[in-house]
Amino acid sequence: MTILSLGIVRGLAGQLIGTAVGIGVSVAVRAAMGLTLEVKEGAIVVGILIGAMGFMIGVGALTDWFKWMRGIETPLRHGPPEGRPSWTRYFGVDYSHKVIGIQYGVTSVALLFLAGMLALTFRMELTSPGLQFLDNHTYNTIMSTHGIAMIAAILVGVGAMSNYLTPLLIGASDMAFPRLNAFGFWINVPGAILVASSMYVGGWDTGWTAYAPLSINAPLGMQFVLLGVFLIGLSSVVGSINVVVTVLHFRAPGMSLFRMPIFVWSVMATSIIALTATQFIALSFLMVSAERALGMTFFSPELTPGAAAIGSPAGQVLLFQNLFWFYSHPAVYVFILPGLGIISELLPVFSRKPLFGYKWVALSSMAIALMGFLVWGHHMFTSGMLEGLRIPFMVTTMLIAVPTGVKFFSWVATLWGGKISFQTPMLFVLGAISIFLIGGLTGPPSGVSVTDLFLHDTYYIVGHFHATMFGGFIFPFIAAIYYWFPKITGRMYDEGLGKLHFWLMTPAFWLQSLAMARVGLLGMRRRIADWDPALGIEQGQLLITIAGFTIGFSMLVFLANLIISAVRGRVAIANPWQSRSPEFQIPSPIPEHSYAQPPVVTGEPYDYAEPESVYIRLGPASSAAD
Amino acid sequence: MRHLLAVVILIAIVTAAVGLLLGPENILPTLASEEGAYVDQLFSIYAFVIAFFFALIIVIMLYSAVVFRRKKGDDEPGANVHGNSVLEIVWSVIPLGIVLLLAGLGAVYLGDTLEAEADEMVVEVTAAQWSWRFDYPEFGVSSSELYLPNGRQVLFEFNSLDVIHSFWVPEFRLKQDIVPGITTTLRLKPTLSGSYTVRCAELCGLNHANMLTPVTVMEPAEFDAWIAAQIDSRALSPADRGKQLAELNGCVACHSSDGSPSVGPSWLALFGSEEILEDGTEVLVDEDYLLKSILDPNAQIVDGFLPNLMPKIYGDTFSQTEIDALIAYIRSLGN
């Protein structure tokens, strides 16, 4: 086995070569046209795009399709690659949804750590007033990259959960389009590389929102981010097509829509948004990219001399914000709906009670997904948008509280009268509810336009959306990793370390949220490298930093737990949680072909209070031995 | 029933405690404008709404965690309850009513903040990376700091020379983005004399964090005296006029006059010196070089500084006399 037999190595080489070829050809074309020999931003854009294609060719994500064009059949093969150790399949193109799910998951955790370290770096700087060890430009770059890397981490994490879990939970053998699934994962890698490398090519200073015209004048790193996000968005689109088709066509016999595990409802809702809204951020970022590289004036009110000479109209600054938020608000629900699905999925298992109001919870996800399209203007209350428009956007925004409330009430009603046990996954579910509650309750004050005119762009908002993201994604994602860890690895995680992780992270996060809201209300703005000591927020800033580092440390405990337990944890039984879900009725770790025969659904998913009832019947060959 | 009663009592206690804690007097800075009072009023309503829903969820969750925990050896399942449509409707309709009420109140208050008074004073605000300029057309006065009379409504008219900025004084509560290409407005009536700070609230690039300028709210008589003093200071020498222009137009945000390093070259001892440009050539800093650099900043970038930071607008925004005054000021700082 050589190093080049690993797809990812070939992919990285392909990206490097592709980028060089793209830039080289562009410069050569310039030279042939008799222009000066220099590398303009347009040449770098060509390089970036060809580099991304180089990665996909090198890694092998396009190989089967190329073979089809040449008339070669490529039957799907399962199992580890021939003639190579089985771990190598995780570093190259593999069509098993379980392998792809793990690839997504590891990439997501890696990005979380990268983005988290960036956060701790500038958090350190913000502990006291004055500039200690960062300058303004480095601060802006790190802060902006933290934001976009977290968003990438969350999108990839959503991919991890939906790809690994969806086929298992609906009793299918795999996703509908395995090759597209692999393509969807691998396109994230060149995207993430571009985002991370933006820090080394001049940086950028716009925050993840990339508002024009600041993004049009920003340094070269901006271009890397714009195109990196474009690639990651492509992954979202193809991934969601796959989820929608899989859920609609590959459910086990007898699994009507209202007998699906509730998590499947939430990934359906998420996929509908991702499939229809992602194009808008892609469009807005491409337009900024084109305005920078080609001088097309979409957003900037100042025309280039060439554009002015032909009488082109000036660009519209607010157009960017409309396009951007038309995706980026619904995107919030892309991030949190799967997490809320995990909460609803795990609560009944650890309460030994049916999910309260299953249909209400299921349809509330759909309601949030659809209503989410009508609220983007609430990010623009201060923007100078038409004054009257602030009222309808305020009303639609406030209405989202209703389906969200249905979820909260159904969760506590599920707990009520249960027989609750508190293993680590359940602790993180309860922690998620409490933190998502902070996010939820800090929302309406910023949804009412008058008070948003005060709160907009302050640290209060920073506290609000971090609570939403942690409660709606990070905590449930962690709960899911602990919960399905035995099915993935065949071993149990360490319960003591898991509880330590929880008891460090949850109080720290509470403290961080409240302190962020507090300093924001006192006048601390978002995205500033330095703050005014006259605001009287020293204590709050110090608390945020302490909390941030505690969260960081707890994540190291988490990582250590995962790695150590995967190697030498206690061997797991098939169904450690006495779950009714189909994937817990087959052995741990889950075999290559999850279900030897398609399972048949004969009951309701969450009838934990009726021990005699059966949700799913497996074929005799599928069952776990114990 | 016993459980329900306990929960109701706990929710009442937690609601009261958290609600009092979240009162606007505990969490917001001093209030200094009439329009900002609507924000504080809404916050006093939020306090108890938030406290109630917080208590409702947290109390039931923690109470269940204690009372309904599984005891050792108890393998019985929980209660066989699948849902309750009446409850679902209740907890949809009540929050619906509350959020619609808040939105309605928000809409009415929003309208109130937009109301103009007859004697309002216009202040034209020009924001640029990374400076503020305030023009008082009523008096023909300009300033780089904001001075306002207490008790008179001000109509701010905002324009940006480059990227988006945002005008925010936390004590006045309301903020407004300043968007290149359009003029945005905001009305505020100061109600408390004192010193505050305008803080740019929209990320505007390199020095965004430092885009601050003082606000002084004064009693009307003091304000009139300030205006009179500004009008008197017009008969200035070219160098002093240049200094004033440099401060008003934000030149000093990037060019220091004391030799300290910044985004652009310091003006101290600049005139008459020899500078090395990006391409390695040397240039003597004289009137010609300064004029060229003001009109076309990218033409001759001094080594160690970045192009594309300084706007290329000053040929349009300054008159010839003003540019001469600026050059005279820079010359006065030279060797």
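Rules of the game
- Residues numbered from 1 in each chain as written.
- Chains lettered and ligands numbered in written order.
- Predicted model: local features only at pLDDT ≥ 70, side-chain atom pairs only at ≥ 80, totals over all residues.
- Helix = DSSP H or I, 4+ residues; strand = E, 2+ residues; numbered from the N terminus.
- Rg over C-alpha atoms; globule rule 2.2 N^0.38 Å.
- Buried ≥ 20, exposed ≤ 12 C-beta atoms within 10 Å, placed from the backbone.
- Contact = placed C-beta atoms within 7 Å.
- Nonpolar A, V, L, I, M, F, W, Y, C, P; charged D, E, K, R; others polar.
- Pairing = 2+ DSSP bridges.
- Axes fitted to C-alpha atoms, helices over the stretch in contact; angles between N-to-C directions.

A.B. asks: Describe in detail the overall build of chain B, supporting the description with residues and values.
C.D. replies: Helix and strand counts for chain B come out as nine helices and 12 strands. In terms of C-alpha radius of gyration, chain B reaches 29 Å, well past the compact-globule figure of 20 Å for 335 residues. If you line up chain B on its principal axes, its C-alpha atoms span 90 × 55 × 30 Å. When the 335 residues of chain B are sorted by exposure, 34% land in the buried category. Looking at chain B alone, contacts between residues at least 24 apart form 67% of all its contacts between residues at least 6 apart.

A.B. asks: How would you sum up the overall build of chain A? Please name residues and give values.
C.D. replies: A count of helical and extended segments in chain A gives 21 helices and two strands. Seen through its C-alpha atoms, chain A measures out along the principal axes to roughly 80 × 65 × 45 Å. Taking all 626 residues of chain A together, the buried fraction comes to 60%. Here the contacts in chain A between residues at least 6 apart in sequence split such that 80% fall between residues at least 24 apart.

A.B. asks: With reference to specific residues and values, describe the interface of chain B and chain A.
C.D. replies: The interface of chain B with chain A comprises 72 residues on the first partner and 74 residues on the second. If you list the elements that add at least two residues to the side of chain B that touches chain A, you get helix H3 (36-67), helix H4 (85-113), strand S7 (175-178) and strand S9 (194-199) of chain B. Here the side of chain B that touches chain A is built from residues that sort into 44 nonpolar, 18 polar and 10 charged.

A.B. asks: Let's hear about the pairing of strand S8 (residues 184-188) of chain B: which residues, and what values?
C.D. replies: Residue and element names in this part refer to chain B. Residues Thr184, Leu186 and Leu188 line the buried face of S8, whereas the alternating positions Thr185 and Arg187 sit on a face that is not buried. For strand S5 (residues 154-160) and S8, the ladder comprises five bridges, and the chain directions are antiparallel. Bridging across to S8, Leu155 finds its partner in Arg187.

A.B. asks: Give me the lowdown on the sheet that holds strand S1 (residues 121-128) of chain B, citing residues and values where you can.
C.D. replies: Adjacent strands of a sheet pair through backbone hydrogen bonds, lying either parallel or antiparallel. All names here are of chain B. Pairing within the open sheet is mixed, and its five strands lie in the order S3-S2-S1-S5-S8. Taken across any chain shown, the strands that pair with only one partner, and hence form the sheet edges, are strand S3 (141-143) and S8. Averaged over all adjacent pairs, the angle separating strand axes in this sheet is 25 degrees, with direction ignored.

A.B. asks: Explain unusual backbone geometry to me, and be specific about the residues and the numbers.
C.D. replies: In this structure, the amide linkage connecting A:Ala212 to the following residue, A:Pro213, adopts the cis form with an omega of 0 degrees. Tracing the chain through its elements places A:Pro213 in the loop between helix H7 (188-197) and helix H8 (214-217). Looking along the chain, the bond that leaves B:Gln129 and enters B:Trp130 is cis, with omega of -5 degrees. For B:Trp130, the position within the fold is in the loop between S1 and strand S2 (131-136). One non-glycine residue, A:Arg527, adopts positive backbone phi at about 60 degrees. Structurally, the position occupied by A:Arg527 is in the loop between helix H20 (495-521) and helix H21 (538-568). A residue is classified by how many C-beta atoms lie within 10 Å of it, and A:Arg527, with 22 of them, is buried.

A.B. asks: Can you break down the environment of B:Leu56 residue by residue, with the values?
C.D. replies: Residues and elements named next belong to chain B. Tracing the backbone through its elements, the reader meets Leu56 in helix H3. Given 20 C-beta atoms within a 10 Å radius, Leu56 is considered buried. The spatial distance from the C-alpha of Leu56 to the C-alpha of Val302 is 64 Å, given a sequence separation of 246 residues.

A.B. asks: Can you explain the sheet that holds strand S10 (residues 212-218) of chain B? Please cite residues and give values.
C.D. replies: Residues and elements named next belong to chain B. Strand order in the open sheet formed by three strands is S4-S10-S9, and the pairing between neighbours is mixed. Every interior strand has two partners, whereas the edge strands, strand S4 (146-149) and S9, have only one. For this sheet, the mean angle separating the axes of adjacent strands, direction not counted, is 25 degrees. Lying on the sheet, helix H5 (residues 220-232) is in contact with S4 and S10; it crosses S4 at an angle near 135 degrees.

A.B. asks: Before we move on, could you go through helix H6 (residues 238-248) of chain B and cite the residues and values that matter?
C.D. replies: Residue and element names in this part refer to chain B. Turning to H6, its buried residues are Arg241, Gly242, Lys243 and Ala246. Looking at the buried positions of H6, the neighbouring elements they touch are helix H9 (320-332). Where H6 terminates, the next one or two residues include Gly250, which has phi positive at roughly 80 degrees.

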